[in-house]
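Structural description and commentary
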Amino acid sequence: MFGRIDHIGVAVESIDDTLPLYAEHYAMELVHRERVEEQGVEAVLLDVGENHVELLQPLGPDTPVGKFLANRGPGLHHVAYQVADIEAVLASLKAAGIRLIDETPRIGIRNSKVAFLHPKSSGGVLTEIVQPAEGSH
């Protein structure tokens, strides 16, 4: 069902303040930075082999990541798995009784299609499934 781990999402108060830890001390290459208005975040992707770490800075306190930071503070936000056909995977998960936050995919970073699974159905971990846009990996 899942092709590989696409990325690990980390909620941060400030990308600019956190970036040196990942880029300089961990020697991860910054490969993309984008404001994703629909999800209420500014996000960066850093390469780790064929996978990524995604740093998520909320655009405001009333966004999902803003609320996460207010409740839990900075740290691991979600794990994202790459899929080839997100609609088929969502249908399969729904049929299996997995609680979906997103019944239909939405647009994520780099024009990918994304959907989230509720942590209560995924072992307490907010889980994202990602279908990359054509031509990306």
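The following paragraphs examine the structure supplied in this document. The structure presented is a predicted model; accordingly, all values stated were derived computationally and were not measured.

The next subject is unusual backbone geometry. With a phi angle near 55 degrees, A27 is a residue other than glycine that sits in the positive phi range. Along the chain, A27 falls in the loop between α1 (15-25) and β2 (30-36). Although it is not a glycine, R110 sits at a positive phi angle of roughly 55 degrees. Secondary-structure assignment places R110 in the loop between β6 (106-107) and β7 (113-117).

What follows concerns the environment of P74. Relative to the helices and strands, P74 is located in the loop between α2 (64-72) and β5 (75-82). Residues P74 and D62, twelve residues apart in the sequence, show an inter-C-alpha distance of 16 Å. For P74, the residues in contact, after removing those within four places along its chain, are A11, E13 and L69.

Taking strand neighbours across the sheet as the criterion, the eight strands line up as β2-β3-β4-β1-β5-β8-β7-β6 in an open arrangement whose pairing is mixed. Both edges of this open sheet fall to β2 and β6, since each of them pairs with a single strand only. Pairing geometry for β6 and β7, over two bridges, is antiparallel. Its bridge partner being in β7, I107 is matched across the sheet by K113.

What counts as what
- Residues numbered from 1 in each chain as written.
- Predicted model: local features only at pLDDT ≥ 70, side-chain atom pairs only at ≥ 80, totals over all residues.
- Heavy atoms only, no water.
- Helix = DSSP H or I, 4+ residues; strand = E, 2+ residues; numbered from the N terminus.
- Contact = heavy atoms within 4.5 Å.
- Pairing = 2+ DSSP bridges.

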